[in-house]
Every structure is written in structure tokens, then in C-alpha cells.
Amino acid sequence: MEAAELRCTAAVEQPLPGGLAPRRRVMRDATVLLGRNELRQPVLRVAGGGAAAAVLSFVLAGDAVRLFTRFAGEGRAAVRVGPDGAQVLLSDCPPDALRRFLRLLRLKVASGPQDAPRRPRLLERPPPSFSVISPVQERDVLCGPGRRRAGEHRGESPAEAPRAERRPPARLSAEQEAVLGAVRSGKSIFFTGSAGEGPRRLSSAPRGKSWPLTSCFSLAGTGKSFLLKRIVGSLPPNITYATASTGVAACHIGGTTLHAFAGIGSGKAPLEQCIQLAERPGVRQHWLACQHLIIDEISMVDGRFFDKLEAVARAVRKRDEPFGGIQLIICGDFLQLPPVCKANEEIKFCFQAKSWRKCIHINMELTEVRRQSDKTFVSLLSAIRLGRCTEEVTRQLMQTAAHKSERDGILATRLCTHKDDVEITNERRLQQLPGEVHVFEALDSDPMLVKLIDAQCPVGGRVELKLGAQVMLAKNLDVSQGLVNGARGVVVGFESEQKGLPKVRFLCGVTQLIKMEKWIIKGPSGVHLSRQQLPLKLAWAISIHKSQGMSLDCVEISLSRVFESGQAYVALSRARSLAGLRVLDFDPKVVRADPAVLQFYRQLRHHQLLAQDSLHTHSDADEKENWKCN
């Protein structure tokens, strides 16, 4: 019955006679239930929080009901509940829960009688009853003859129905469900993934204590972005802040950078000054409202900055619990890209922060690798990730230099360690192509904040293309056809109309006219910014940093200029397969992992084994006891 109940803020508007402004009643922490009355009619019941709170019920009578779902993804919707224009406005809802609730409401109203049944004549009317409505059943979806389809009643077209109705959502794996369950339990969690290791168990700390972190592995290709979006969708938007260490990573999860949320600049100022910065209007409001803080790509967050954030959170919120009582949902892999530091500054990872262990209660990992299906390649990546470059690994990587880099006119994308190399390569190769340059300018919601949008949006404000230009998608357009973020293609033509949109032939075999897409970005003080632009970027070259989160069909890598631990691993793990990888001038010396991180993982493995042995011991003892009882 979970889909029939919603916890949120509800505002009930009821029209008054004489054209007066409608009476409005706002109920915070309300419970909204979908049920049936004694006549089996669908009923929407709204109950405010508290013992003496009001309870309002509305019979959902046929064509009088209408849903407004445009902002369901932001946790807001409206239900017109009667012919007089009364409506229930829902806000602060977890978006996924809201979508399930609206789908159930839509289907139950559509599959029920269109006209209210006659009330039986009774000497005494029975007391009104209310029972929670049953889950969606086959008869609700497959309506009988003459009934409208679920997405078409109440004046809505199927295109206006929530996306969850039009296409069944992808299922979470069992381990992803476990992570989501831990988040819903309210515990602070650090989760990561494995590049081919066996599954491991949940490590949970007793109340008041914390276990050392369990053994953790790379998230590359384990469905982290998909899981993060599900986590964001399961939490109330008004108290949840999704952040990441980089702007591009933040854009992938519809959030902002951790530094923008914190409002304390680089965090290198004295603590008292950082607290003053966080106390500014707007910034302080976010700190006080936040109950769930998501941090993606944690490996690039400096440990000193993390400690400063933890102290600021306690001071601004005036609460002594770790991180001021905020639930932390953290993910990343410390064997990937490290924090960016000055030349003479020592790297300090977040796991080295003084406050790290007291802030994290549960530690889990994803093990099912989705990006790479080749077991040989997965094994190779596992070795590279740990800084191990055996003769066999070296041989396999050097053999890739002979791989054919061109297929159907689509060249391999070169991953570069330095941003300057990327810009020079793409500009030079575009100039070398004959023909006219087609320029596409972005439409930004605030031209004064272009630099902020540039930092967080995966596409630039100006896209220049020619016939034959090598491009890649910067957004999922149609996953079923392979038109996903990172999909490679070549421009094969331009529309003859005024906009002159490009036609791109992709490696997956699809030729598609690429239209403008919109990105929504969270700016300062929570304001939403947007950019409308082609979801394309030149793909002769791309930086390793910008490639994070992408799965590339064909990759060419020159590792001779690798300068960071983990950089070689991040670059290699962008490829979907060993066949789609070409490594030039390979030197085994560039494969390295930070010694402090390796030591950290060795300790974690030790504690993980102890935790597993303890779990097995208790399990065996329970089985023996059960056997005796039987």
C-alpha cells in the first residue's frame, strides 16, 4: 500500500461563493491517502500533522478530476478534486513517491465508474467508511471497452502523462536496492563499487559507534549515476541538496557543486571567517534547511575542506551531532582522481579527515559491472586501479596500439591529461575540414552568469560544426537505441531549414537529427539556471577530467603525460571494451596508485574480513540453535 500514501506539504483550496478568493488551508507534514468509501468510490483524504489536525476528504468523481503533473519531477503536483474547482496542491514530495502516487490515482479513477452510483435509500445512512485503495492490478491498466487509456483521461494527452507511465523504469539490482534502503533508513552512508570483485556484505555500526569503512572499489560502470538519481528521487526536494566535487558531475545528478552549496569559498580561511560566510542570508538558509546532503565524486574533495564543512555545519545549525545532524550520502572511489592541490601542498583525502569516521555509519559497495562486459578487460582494470602493471597487463595494453581506430567514418576519441591539448586538437582538426562552419549559440537563462553555467553544463555556449566533424553526445536521448551520454558519431549533414540542425550518424548505427536540449543547473542561493544548446561536443579529443561519468565506444589514449595517481585508471575505464581501446606510447611507470590510499584499502579489507567472519559465526550459531529446537 506504499503507493497509496504520501507524506508532504498539502494546500487545500476551496472556492467561495460570490467570486471571493478561495479559502486556502496549508497542512505541513500532511498525510495524503488514496482510498475508497462505503460506495467503493475513490476518495482522496488529506490529514494534517498533529493529534488535533484537520482531516479533509474528497470523492474523486469521474471527469471532474484532473491532474497537473508538469513539476512532478520537482516534487510538486496538483489534483483538481471536484466540479466546483476545489484542488489539492502537493509539494515537498519525494519525486519517485509522488509519481507512484499519481500513477495509482490516475489508474484507479480511470478504471472506476465514470458516473457516481446512486446512493441507496436507507432509513439510516451507514457511517462513512474509508479503506486504503488496493495496488494497481491488471484490470486497472487494461481498461474495459469504451474506457479511455490511463494517460488520456481528464484532458491530458499521453505525452503529458508522467514519464514513468510511458516507459517502465529500469529496475535496481539487489545491491542497489540495499543502498537505497540504507539511505531511506536515515543513516549516513558512503558507497562505492567494484570492478569485478565478488559481492560483499553491508557493514553497519552499533548505535553510538562506527565501524571502519568496509572494503571499497571503483564505481566505474556499476550504475552509480543511475542509482544516485534514484536516491535523489526518493528524498523530499526541499530538504535534499545534491552536490558533487566538480560542476560536470553535479550537472549529471541535477545538483550544484559542493563549494557552491557550502558558501565558504575555498575553505582555506580561518574557521571563524568560514562560519561568518556561511551565516550570510541565503547560504545560512540552505544549511538550516538541509537534512540530506549528497556528495558525488568524493575522491576530489580535499580532507581539510571536509573537516571545515563539518565544523561549519555544527556551528551554523547549532547542533553538536556530526555534520550538524545532516544525513550524508557520499559516493566515489579514492583510487580515481585525487583532490586538486597546489604544487607544494600535500594531498589529503577525505578518509584522512578527522571527522570522516564519526560522520559515516554504513558503508556499502556495488559489484555488478555494467559498462564493461569483457571479463578480461575487467580484470585488467582491477589491476590498473591498484597500481599493478604486470607483464601480462603491459602486453595486453601495448597490443591495443594496433587496433583499428576508424569505423564507418567515426574516429576514436583521444583522451588527454591536459585541457590545453584538448582545445588545440579539436580546433585544429575542425579547421582542417573543408566546407562551411555552422555555429550554434546557446540560449542561457541568465547571460550574467555564463561562467557559472559553463562550469557546470557539459556543453559550451558556442558549438561549431562542419560536415565530417567528429562529435559525441553529451546527454541521454534514447537509451534503447544507444543514444546515450558519450555515444560517438560523425556529422553527415545539416537541415536545410533556418535552424540548420545537424544530422549525425552514430556508431550504434542510428542516424539522428539532433535538436536543442535543455540543462537545468542550480546556481547561487538555490536559483535555477538553464542552458538550451545542442547536446553535442567535438570529440577528436576530450580531457580525462571531463570524461568522468561517460562510457565511450572507441577511445585512443596517450598516457605519456599522466601526472596524477589514478589518472591512467580513470582514462582506461572510460572504454566499454578492450576492443574499443587504443593505447599509444604506453609506459608501465604511469600506472600508479597513491600509497596512502592503498594502505587505507588494505586496512578496510582486514576489517571487512573480520566483519564477515563475525556474521558467518552468528549465522552458524543461529542455524545450530534452530536445529536443536526442531
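J.: What is the right way to read the overall build of the chain from this model?
T.: Tallying secondary structure elements over the chain gives 17 helices and 31 strands in all. Sorting the 630 residues of the chain into buried and exposed places 50% on the buried side. Carbon together with sulfur atoms contributes 51% to the accessible area of the chain, which is approximately 31,100 Å² in total.

J.: Which parts of the structure should I look at to understand the nonpolar core?
T.: The tendency in soluble globular proteins is for nonpolar side chains to be buried as a group. Trp287, Phe323, Phe334 and Trp356 are the most contacted members of the largest nonpolar core, which totals 41 residues. Listing elements by their share of this core, those giving two or more residues are α7 (258-262), α8 (271-278), α9 (283-289), β13 (292-296), α10 (303-317), β14 (327-331), α11 (356-359) and α17 (595-629). For this core, the leading source of residues is α10, giving six residues.

J.: Got a minute to help me understand the sheet that holds strand β29 (residues 541-543) in this structure?
T.: Strand pairing within a sheet occurs via backbone hydrogen bonds; the two strands may be parallel or antiparallel. One open sheet holds the four strands; their spatial order is β29-β18-β30-β31, and the pairing between them is parallel. The open sheet terminates on both sides in strands that have one partner only, identified here as β29 and β31 (581-584). Between one strand and the next, the sheet's axes are offset by a mean angle of 25 degrees, whatever the strand orientation. Pairing analysis gives three bridges linking strand β18 (residues 413-416) to strand β30 (residues 555-558), with the strands arranged parallel. Pairing of threonine 413 across the sheet is with valine 555, part of β30.

J.: Looking at this model, I keep getting lost on α10. Mind explaining?
T.: Given 3.6 residues to a turn, an α-helix orients residues that are three or four positions apart in the same direction. Between its terminal C-alpha atoms α10 stretches 21 Å, which fits the 21 Å expected from 15 residues at 1.5 Å a residue. Extensive coverage of α10 is indicated by the burial of twelve of its 15 residues. Within the sequence span of α10, burial applies to Gly303, Phe305, Phe306, Asp307, Lys308, Leu309, Glu310, Ala311, Val312, Ala313, Val316 and Arg317. Where the residues of α10 are buried, they touch α7, α8, α9, β14 and α11. Capping the start of α10 is the job of one residue whose side-chain oxygen sits 2.8 Å from the backbone nitrogen of arginine 304: aspartate 302. Phi turns positive, to about 55 degrees, at lysine 318, one or two residues after α10.

J.: What am I meant to see in the side chain of aspartate 307 here?
T.: Residue position: aspartate 307 is located in helix α10. We note that aspartate 307 is buried and unpaired, the nearest opposite charge coming from lysine 348 at a distance of 4.1 Å. Polar contacts involving the side chain of aspartate 307 include one to the main-chain amide nitrogen of lysine 354, which spans 2.9 Å. Not counting residues up to four positions away in its chain, the partners in contact with aspartate 307 are Lys348, Ala353, Lys354 and Ser355.

J.: Hey, could you run me through unusual backbone geometry in this one?
T.: At glutamate 297, a residue that is not glycine, the phi angle is positive and equals roughly 55 degrees. With respect to the element layout, glutamate 297 can be found in the loop between β13 and α10. At lysine 318, a residue that is not glycine, the phi angle is positive and equals roughly 55 degrees. Positionally, lysine 318 belongs in the loop between α10 and β14. Given a relative accessible area of 65%, lysine 318 falls into the exposed group.

J.: I keep staring at the packing of helix α1 (residues 95-111) against helix α5 (residues 224-233) and nothing clicks. Help me out?
T.: Two packed helices can be described by the angle between their axes and the distance between those axes. The contact between α1 and α5 brings their axes to 6 Å, and the two run at 70 degrees. With respect to their mutual orientation, α1 and α5 come out roughly perpendicular. Contacts between α1 and α5 involve Pro95, Asp96 and Ala97 from the first element and Arg230, Val232 and Gly233 from the second. For the contact of α1 with α5, the class distribution of residues is three nonpolar, one polar and two charged.

J.: So what exactly am I meant to see when it comes to the packing of helix α12 (residues 375-385) against helix α13 (residues 391-399) here?
T.: Running from amino to carboxyl end, α12 crosses α13 at an angle of 120 degrees, the nearest separation of the two axes being 11 Å. Of the two possible hands of crossing, α12 and α13 adopt the one that is left-handed. Here Thr376, Leu380, Ala383 and Ile384 of α12 come into contact with α13, specifically with Val393, Gln396 and Leu397. Of the residues in the contact of α12 with α13, the class split is five nonpolar, two polar and no charged.

What counts, and at which threshold
- Residues numbered from 1 in each chain as written.
- Predicted model: local features only at pLDDT ≥ 70, side-chain atom pairs only at ≥ 80, totals over all residues.
- Heavy atoms only, no water.
- Helix = DSSP H or I, 4+ residues; strand = E, 2+ residues; numbered from the N terminus.
- Buried < 20%, exposed > 50% of the residue type's maximum accessible area, 1.4 Å probe, protein only.
- Areas by Shrake-Rupley, 256 points an atom, 1.4 Å probe, with all protein chains shown as cover.
- Core = buried A, V, L, I, M, F, W, Y, C linked by side-chain atoms within 4.5 Å.
- Pairing = 2+ DSSP bridges.
- Axes fitted to C-alpha atoms, helices over the stretch in contact; angles between N-to-C directions.
- Expected span 1.5 Å × (residues − 1).
- Contact = heavy atoms within 4.5 Å.
- Polar contact = N/O pair within 3.5 Å; in protein donor to acceptor, adjacent residues only side chain to side chain.
- Lys, Arg positive; Asp, Glu negative; His and termini not counted.
- Salt bridge = Lys/Arg side-chain N within 4 Å of Asp/Glu carboxyl O.
- Parallel < 35°, antiparallel > 145°, perpendicular 65-115°, else oblique.
- Nonpolar A, V, L, I, M, F, W, Y, C, P; charged D, E, K, R; others polar.
- Left-handed = near helix turned anticlockwise from the far one by under 90°.

Spatial relationships are all this shows, so hold off on functional conclusions.
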